[in-house]
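Each chain, written out:
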Amino acid sequence: MNLRTHAFAGNPLRSKTPKSTDSFSPSSAFKSLKALIPSIPNHPAPSPDFKVLPFSKGRPLVFSSGGDASATPLWHLGWVSLSDCKALLNTRGVDLDENSLVYLGPKVEEDLVCWAVDVSSQEEHGVVLELTSRKLCFVELRTLMVAADWEDQRAMDELAIAGHARALLEWHKVSRFCGACGGSTVPKEAGRRKQCSNEACKKRVYPRVDPVVIMLVIDRENDRALLSRQARFVPRMWSCLAGFIEPGESLEEAVRRETWEETGIEVGEVVYHSSQPWPVGPSSMPCQLMLGFFAFAKTLDINVDKEELEDAQWHSREDVKKAVSFAEYRKAQRTAASKIEQMCKGVERSQSLSTDFNVESGELAPMFIPGPTAIAHHLISTWVDQGSGNVHSKQQPGVSLSNL
Ligand SMILES: [Zn+2]
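Residues numbered from 1 in each chain as written. Predicted model: local features only at pLDDT ≥ 70, side-chain atom pairs only at ≥ 80, totals over all residues.

What is the right way to read the nonpolar core from this model?
Counting residues in hydrophobic clusters, the biggest one holds 97 residues, and the most contacted among them are Ala-116, Met-215, Leu-216 and Val-217. Once residues within four sequence positions are removed from consideration, Met-215 is found in contact with Cys-240, Leu-241, Val-255, Thr-259, Phe-293, Phe-294 and Ala-295. (Core = buried A, V, L, I, M, F, W, Y, C linked by C-beta atoms within 7 Å. Buried ≥ 20, exposed ≤ 12 C-beta atoms within 10 Å, placed from the backbone. Contact = placed C-beta atoms within 7 Å.)

Just to check I follow, could you spell out the pairing of strand β1 (residues 49-56) for this structure?
If a strand is regular, its side chains alternate between the two faces of the sheet. Both β1 and strand β5 (residues 112-118) contribute to a ladder of 7 bridges, which runs parallel. The partner of Phe-50 across the bridge, within β5, is Val-113. In terms of strand pairing, β1 meets strand β2 (residues 59-65) through 2 bridges, oriented antiparallel. Bridged to Phe-55 within β2 is Pro-60. (Pairing = 2+ DSSP bridges. Helix = DSSP H or I, 4+ residues; strand = E, 2+ residues; numbered from the N terminus.)

What should I look at first to understand the environment of Asp-118 in this one?
Tracing the backbone shows Asp-118 in strand β5. A tally of 21 C-beta atoms within 10 Å means that Asp-118 is categorised as buried. Taking the C-alpha atoms as reference points, Asp-118 and Ala-165, separated by 47 residues in sequence, lie 9.8 Å from one another. If we ignore the near neighbours within four places in the chain, the residues touching Asp-118 are Phe-55 and Leu-169.

Looking at this model, I keep getting lost on helix α5 (residues 251-263). Mind explaining?
Spacing of three or four residues puts side chains on the same side of an α-helix, whose turn is 3.6 residues. Relative to the 18 Å expected for 13 residues at 1.5 Å per residue, α5 spans 18 Å between its end C-alpha atoms, a close match to the ideal helical length. Residues of α5 that are buried: Ala-254, Val-255, Arg-256, Glu-258, Thr-259, Glu-262 and Thr-263. On the buried face of α5, the contacting elements are β10 (210-219), β11 (224-229), β12 (241-244), β13 (267-278), β14 (288-297) and β15 (311-316). Where α5 terminates, the next one or two residues include Gly-264, which has phi positive at roughly 75 degrees. (Expected span 1.5 Å × (residues − 1).)

For this particular structure, what's the right way to read the sheet that holds strand β8 (residues 193-196)?
Note on sheets: strands pair through backbone hydrogen bonds, and any given pair is parallel or antiparallel. In space, the 3 strands of this open sheet follow the order β7-β8-β9, with antiparallel pairing throughout. On the outer flanks of this sheet lie β7 (185-188) and β9 (204-205), each paired with one strand and no other.

Can you help me understand the confidence of the model for the chain in this one?
Per-residue confidence for the chain averages 88 on the pLDDT scale, and 87% of its residues sit at or above 70. Across residues 351-361, where pLDDT falls below 50, the model places 17 contacts with residues more than four positions away in sequence or in other chains. Within the model, pLDDT remains below 50 along residues 393-404, and this stretch shows 17 contacts once partners closer than five positions in the same chain are excluded. (pLDDT = per-residue confidence, 0-100.)

The structure is reproduced here in structure tokens:
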């Protein structure tokens, strides 16, 4: 499999931020947005035009298309116009305020600037009633991730846009007050940063990223890899070890410490693979950054920390190869895509898709690893395909590693 980027990376709206003099730039776009809002809905079409992606409780608005007996439905981001956005907020008793809109980036070829807005309210319905004729619905980002076809560039682009937008909006929610003086913060630069409103303080606050090391621990001598299970995993799923980086620690030290703490294994050489933004964690961490490594074991005895892990075991290359189970990922993808379609039709109100990977029928592999939208998948499948002696961070002929 040849991914252009990891899921949530490669956001097409972010490739280049226009200079401040450009009409697509955050400051110019914000100025023209601010001038436009009072005249909605009777405004002339501006250039560039604006579209908005609404979120409710961390979930982007989407619609579903194309589902019939033979085809898997496709989800699409539910962009709305500024006037639809104003109407949506009005039904929640809120006026559209330019400061609630967060700049996502331009689509220059379409003469568009894209924004996100949080329309969360106490009263929650699975379907957005005021837009039901368009069959729009708020859906968890994690569900959209499982439902996205990882080989479809359009789907992965939309997933990356939704992930970036969610990370920014959740960060706005958890950074309402200044950490230095306790004053309230106000958005600046079209929501790309915040600033303390206390004139004596004026502390600048930037969007938060939480770095996490994730590592495949390898036993070179016996050609095995260490996979582990957390209690919250669905049955049969095994993955890499992972943990947060502590202040004052290098990435390599974090890899060695986490591996030691969780499994009692000592790690020597640590080799970088690639990184992945991960905006689907808890809302207190708006965006984790997963930093992926191969970690070569110096000792082999496993002593599992039961507080952190349910189990950890060495697995042969052959066994791990069988766990890369594309039939199961495809089945989970179809199930999630169909559920999203049902939700958009107003049939399915359930937001819980904990059974995504609980495939009931068919012959089940004894274990499987996370799907292609997770960096763990790429660490594990790279080792399976390349051999433990050959895993490097540098690109090798025919292997698209460092492109990720
Ligand atoms: Zn302050």
